[in-house]
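Commentary on secondary and tertiary structure
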Amino acid sequence: MRDYAPPALRTAIEFCQRGGGMTCFTLNRKPVTSQLPASTRLSDVLRTEMDLPGTKIGCNAGDCGACSVLLDGAPICSCLTTIAQVEGAAVTSIEGLHADGTIAKLQDSFLAHGAAQCGICTPGMMVAASALLAENPAPNRHDVEDALGGVLCRCTGYSKIIDAVLAVGGDAKISPRPQAGQNVGSPIRHLDGQPKVDGSLIYGDDAVPQDALLVRVIRSPHHYSSFEIGDKAGFLASHPGISAVLDASDIPGRNCFGVIPPFADQPVFAETTALYRGDAVAAIVGDADVIRHFDEADFPITWAPHETMLSPASAMADGARKMHANRDGNILVRGYVETGDADQALAAAAHKVEIHTTTPFIEHAYIEPEAGYATREGNRIVIHGCTQAAQMDRESLAEIMGMELKAIRVVPSACGGGFGSKLDVSFQPYVALAAWVLGRPARICYSRGESMRASTKRHPSDIRLAVGCDETGRISGFVFDGIFNTGAYASWGPTVANRVPIHASGPYATKDYRANSVAVHTNSPPAGAFRGFGVPQSAVAQECAFDLLAEKLGMDRLAFRRLNALKNGVPTVTGQVFNSGVGIDDCFAALEDNWHAANASATSFNQIAIRDDSPWRKGVGIASCWYGCGNTSLPNPSTMRMGITADGKIVLHQGAMDIGQGANTVITQIAADALGVPVHDVQILGGDTDLTPDCGKTSASRQTFVSGKAAMLSGMALRDMVLRHGNVDANATIALDGAVLTLADAGGGTLRIALADMSVNDYGYVFMAEETYDPPTSPLDEKGQGIPYAVFGYGAQIVELSVDAALGRVRLDKITTAHDVGRAINPLLVEGQIEGGVAQGIGMALMEDYQPGRTENLHDYLIPTIGDVPKFDHVIVEVADEEGPYGAKGLGEHVLIPTAPAILNAIRHATGAAIYDLPATPDKVCAAVAAVQAAQGRPS
């Protein structure tokens, strides 16, 4: 026991001395006693025994920092700290900081700057920042980066977090509270932001029934293996505390799921053969302590591994074992788009380049692992947990459980990051089956290793591209061939294979074009949706090739792109013509001055570096993007309901899952302006499949566009209903004061309606509207011609960086972005989405490489930290779209696409080194620089 302790600790020590035998410490300024074993993680004590779930668990290895708390005022990872280590000490969690008001200004600044997106890392960030500010009330940027460097964020790109911490000591940033008609375009705070910064927001593993059984999935340790499960009855008899063993024989419905029904092929439990390392074969259910400490070597299963096929080349080789009976050559699907005569155009081209690029598996690395629980309520199953697609989960579970759709209810928790992978079913069938069979709540939370083994990844790509241009620089011939490793099961492989050929040209006029893609099954994790659906991979090839063409021409790289940029009235490669809304050249124009200034600065620096014999070189790169919003040539509807209650509440049934991108805020801003009320007067009812209509999945940059349009139509319909009821003109204002609705028309007349005197409908509303929007598209023909998307978004980015040519180190100095969002519904959230996407693009370019069996944690698998992200300069471009709500286009997917190719182009500009095998790690940079020097006859 310590010789000295402050008063709060002395109180705790005395309290412990009276109780005796337990671990005693001060928690959030109050003395507490833990009865758990001394070796228990502090994080577990806080979350379970102390019921303080604001401390989040992302890795249990000290890699992510989400579990940070203060120990005697210093930040620590509570997952690496045993309860014995805090004996007699003072522990402060996010709840304690919030309760005593010590971080009120920090919370306000986080909200004002949009520094919390999904929010799962926010408690850890707040704890680390509060410790910094207590010691240094006026930190600089380096101080903030150093203090918060141990906490990972996958959403924000860190810049807003840094800005928020730096602003705490100055004048508070004021967030607007717009009036009716001024909601759209206002940079308001996240409407759901406060619970994120105070630690009270509930994620998948934060609020589970105390009597819940724990589920643990038994997964294949082999890439490809047959197996046989032994004596389950004998196993249960010899393992008290384990209530059930579940396997394929226990599935009451269809032992199969998939996000695209015609391609569904993934079993809940593999029956005789596991197709990848991580494939589920069984599950055990029982008392939490027993299940957590179970040694999987005791499970009665025998394995018979087969020869592994981890690459498309091995899977397509003659005699390769067929993984799915109906897929010859292990080919899942092919994609194709053709227009004009690409071969003839290439043959006649004045200049031609060929390029070969590869990209690896990339892990989503959301900080919240998959988690949730299920309860059986009579003849219904209710699922709680993290998801990007509640209605899709419901449909899948109904098939798996052999139940009617109405017997399944999905109640989404907050989602601590998704980026595409949480579109696929993960934990849901296991807890549903356990709860149904045993009649007790069943819960699960994946470990970080399990999450990384079992979840989908970005598709690895192997792309070959040939592109030419005429003497003036106009594109003449474009041939693209892409092979994508789709892993063991289909997941979103068909979407990737079909989306890539449409987008591989980039946002450029390309008359003679042919693009092939193929998705190939291998014994790798299923490759699924990940921000961009394959387009980031194709953009690496296309944008890097354009730099090579510009060099051959002796033309400025931006000028080459502007010369070829799509314009209104010019057909895309699928023959689609937009008469308005094509904003790519506007993005390029917005970057023109920055481009020339950056290049001049780099040239000046490099001249001095050469004179001084410095290994450092500066480079500038540019790349563009376009992205079709929503499903490709498929129905894509979203439905929104909006109503006014008898006691004067305006409620929006907002079923579009908010995974941090801001759907709850942006869609509500749209609905509020359509109705004609202030956005802060609207209450959000979200997610629950019993309470909200189907808004479709949160993916493909569709929610602002599709669900936003449905919300606009719903708000307009509700407004029309109210105005007709009052018989006032179309320009009348609507105001609510308690249960009194006031309508004031342009002529000065006022009508007050007592809502309490009106009858309510089955939903409890006196006025209600429900509207659906489905974007107009058409199927593609055999050559890929048609109307795949109603709306495209556009963008371009400039990367300024420095390269240490001796060591291969790349330092990002600045990234300037210009993205055409049609209409910035919320400029603050637009910037947040851009920065988060760019950060993921940085990871793709420089460090991320998932290797099954080797990088199944956040220590060996690297994602950008706060020190890896440079300063940003944003230009928000608004070229209104005819279809989008108030002209808005989608954004979330687009922003990642240009970053990696812009970085590669900047590295080449700085050093002459061409790196097309991602990621551009220091060893690859060094090797490429050495190759350039050798070719020039210079010593390396």
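Here is what the cut-offs are and how they apply
- Residues numbered from 1 in each chain as written.
- Predicted model: local features only at pLDDT ≥ 70, side-chain atom pairs only at ≥ 80, totals over all residues.
- Heavy atoms only, no water.
- Pairing = 2+ DSSP bridges.
- Helix = DSSP H or I, 4+ residues; strand = E, 2+ residues; numbered from the N terminus.
- Axes fitted to C-alpha atoms, helices over the stretch in contact; angles between N-to-C directions.
- Contact = heavy atoms within 4.5 Å.
- Phe/Tyr/Trp six-rings, centres within 6.5 Å; stacked < 30°, edge-to-face > 60°.
- Buried < 20%, exposed > 50% of the residue type's maximum accessible area, 1.4 Å probe, protein only.
- Lys NZ or Arg CZ within 6 Å of the ring centre and 35° of its normal.
- Polar contact = N/O pair within 3.5 Å; in protein donor to acceptor, adjacent residues only side chain to side chain.
- Salt bridge = Lys/Arg side-chain N within 4 Å of Asp/Glu carboxyl O.
- Left-handed = near helix turned anticlockwise from the far one by under 90°.
- Nonpolar A, V, L, I, M, F, W, Y, C, P; charged D, E, K, R; others polar.
- Core = buried A, V, L, I, M, F, W, Y, C linked by side-chain atoms within 4.5 Å.
- Expected span 1.5 Å × (residues − 1).
- pLDDT = per-residue confidence, 0-100.

Re the sheet that holds strand β4 (residues 74–77)
If you walk across this open sheet you meet the 5 strands as β2-β1-β5-β3-β4, and the pairing is mixed. The open sheet has two edge strands, β2 (30–34) and β4, and neither has a second partner. In this sheet, adjacent strand axes meet at a mean angle of 40° when their direction is disregarded. By the bridge criterion, 5 bridges tie strand β1 (residues 23–27) to β2 in an arrangement that is antiparallel. Within β2, the residue paired with Phe-25 across the bridge is Val-32. Sheet strands touched by helix α2 (residues 42–49): β1, β2, β3 (68–71), β4 and β5 (90–92). Its angle to β2, the strand with the most contacts, is close to 100°.

Observations concerning the packing of aromatic side chains
Applying the stated rule across the entire model yields 15 aromatic pairs. Here Phe-269 and Tyr-430 contribute two aromatic rings whose centre-to-centre distance is 5.3 Å and whose plane-to-plane angle is 55°, an arrangement assigned as tilted. Taken together, the residues Phe-269 in the loop between β8 (242–246) and β9 (273–274) and Tyr-430 in helix α14 (residues 428–438) connect sequence positions 161 residues apart. Both residues of the pair, Phe-269 and Tyr-430, count as buried. The ring centre of Tyr-850 lies 4.7 Å from the NZ or CZ of Lys-457, which sits over that ring. Directly above the aromatic system of Phe-605 lies the positively charged group of Lys-618, at a separation of 4.8 Å from the ring centroid.

A look at the pairing of β4
With 4 bridges connecting them, β3 and β4 associate as antiparallel partners. Each bridged residue has a counterpart across the sheet, and for Leu-70 the counterpart in β4 is Pro-75.

Topic: the side chain of Asn-255
As for its placement among the helices and strands, Asn-255 is situated in the loop between β8 and β9. Residue classification places Asn-255 among the buried positions, given a relative accessible area of 14%. Among the polar contacts listed, one links the side chain of Asn-255 to the backbone nitrogen of Val-268, at a separation of 3.0 Å. Of the polar contacts made by the side chain of Asn-255, one reaches the backbone oxygen of Phe-269; its length is 2.9 Å.

Focus on unusual backbone geometry
The step from Leu-918 to Pro-919 runs through a cis peptide bond, and the omega angle for that step is 0°. If you check the backbone angles, Ala-700 has positive phi at about 60° while not being a glycine. Note on placement: Ala-700 falls in the loop between β26 (682–686) and α21 (703–726). Phi is positive for Tyr-886, close to 55°, though the residue is something other than glycine. Along the chain, Tyr-886 turns up in the loop between β33 (871–877) and α23 (899–911).

Some words on the pattern of salt bridges
Taken as a whole and judged by the stated rule, the model has 44 salt bridges. We note a salt bridge from Arg-453 to Glu-856, for which the minimum N-O separation is 3.5 Å. Residue Arg-453 is located in helix α15 (residues 448–454), and its partner Glu-856 is located in the loop between α22 (827–846) and β33; the two are separated by 403 residues in the primary sequence. For Arg-453, a relative accessible area of 24% gives the class partly exposed. Here Asp-820 and Lys-889 are joined by a salt bridge, their closest N and O atoms 2.3 Å apart. With a gap of 69 residues between them, Asp-820 in strand β32 (residues 809–820) and Lys-889 in the loop between β33 and α23 connect regions that are remote in the sequence. On the accessibility criterion, Asp-820 (1% relative accessible area) is buried. Three or more residues joined by partner-sharing salt bridges are found here, namely Arg-47, Lys-56, Asp-205, Asp-206 and Arg-443.

Brief notes about the packing of helix α6 (residues 141–148) against helix α7 (residues 159–167)
Between α6 and α7, whose axes approach to 10 Å, the crossing angle comes to 115°. The hand of the α6/α7 crossing is right-handed. In contact with Arg-141, Val-144, Glu-145 and Leu-148 of α6, α7 contributes Ile-161, Ile-162, Val-165 and Leu-166. Of the residues assigned to the contact of α6 with α7, the class counts are 6 nonpolar, no polar and 2 charged.

Quick look at α2
Along α2, the residues that are buried comprise Leu-42, Ser-43, Val-45, Leu-46 and Arg-47. Residues of α2 that are buried make contact with β1, β2, β3, β4 and β5. Phi for Asp-51, located one or two positions after α2, is positive at around 55°.

What to know about the nonpolar core
Core analysis: the biggest nonpolar cluster contains 156 residues, and Phe-110 and Leu-846 have the highest contact counts within it. Residues contacting Leu-846, with those up to four places away along its chain left out, are Val-810, Leu-812, Ile-903, Ile-907, Pro-919, Ala-920 and Thr-921. In this structure, Ile-251, Leu-397, Val-410 and Cys-415 belong to the second largest nonpolar core, which totals 52 residues.

Things to note about the sheet that holds strand β6 (residues 213–219)
The mixed open sheet is built from 7 strands, whose spatial order is β8-β10-β6-β18-β15-β16-β17. Each of the sheet's edge strands pairs with one partner strand only, and the pair in question is β8 and β17 (408–412). Ignoring which end each strand starts from, the neighbouring axes of this sheet average 25° apart. Relative to strand β18 (residues 442–445), strand β15 (residues 371–377) is paired through 4 bridges, and the arrangement is antiparallel. Bridging from a neighbouring strand, Tyr-373 pairs with Arg-443 of β18. Where helix α13 (residues 390–401) meets the sheet, it contacts β16 (380–385) and β17, and its direction lies at approximately 150° from that of β17.

Looking at the environment of Ala-805
Here Ala-805 shows up in the loop between β31 (792–804) and β32. Ala-805 sits 102 residues away from Ile-907 along the chain, and the two C-alpha atoms are 9.9 Å apart. Not counting the four nearest positions on each side in its chain, Ala-805 is found in contact with Pro-615 and Val-929.

Some details on the environment of Phe-533
Relative to the helices and strands, Phe-533 resides in the loop between β22 (513–521) and α17 (535–553). Classification of Phe-533 by relative accessible area gives buried; the value is 3%. Sequence separation between Phe-533 and Ala-700 is 167 residues, and the spatial gap between their C-alpha atoms is 7.8 Å. Setting aside residues no more than four positions away along its own chain, Phe-533 makes contact with Trp-492, Thr-495, Val-496, Arg-499, Val-500, Tyr-627, Ser-699, Ala-700 and Glu-893.

Focus: the side chain of Asn-599
You can see Asn-599 is positioned in helix α19 (residues 584–611). Residue classification places Asn-599 among the buried residues on the basis of a relative accessible area of 15%. Among the polar contacts made by the side chain of Asn-599, one reaches the main-chain carbonyl oxygen of Trp-595 at a distance of 2.9 Å. Setting aside residues up to four positions removed in sequence, Asn-599 forms contacts with Arg-557, Val-620 and His-909.

Structural notes on α22
An ideal rise of 1.5 Å per residue puts 28 Å on 20 residues; α22 measures up with 29 Å between its terminal C-alpha atoms. Burial of α22 is extensive: 18 of the 20 residues sit out of reach of the surface. For α22, the N-terminal capping position is held by Asn-826, with its side-chain oxygen 3.1 Å away from the main-chain nitrogen of Leu-828.

Focus: the confidence of the model for the protein
For the protein, per-residue confidence averages 96 on the pLDDT scale, and 98% of positions sit at 70 or higher. This model gives residues 1–12 a pLDDT under 50, and the stretch forms 18 contacts once residues within four places in sequence are excluded.

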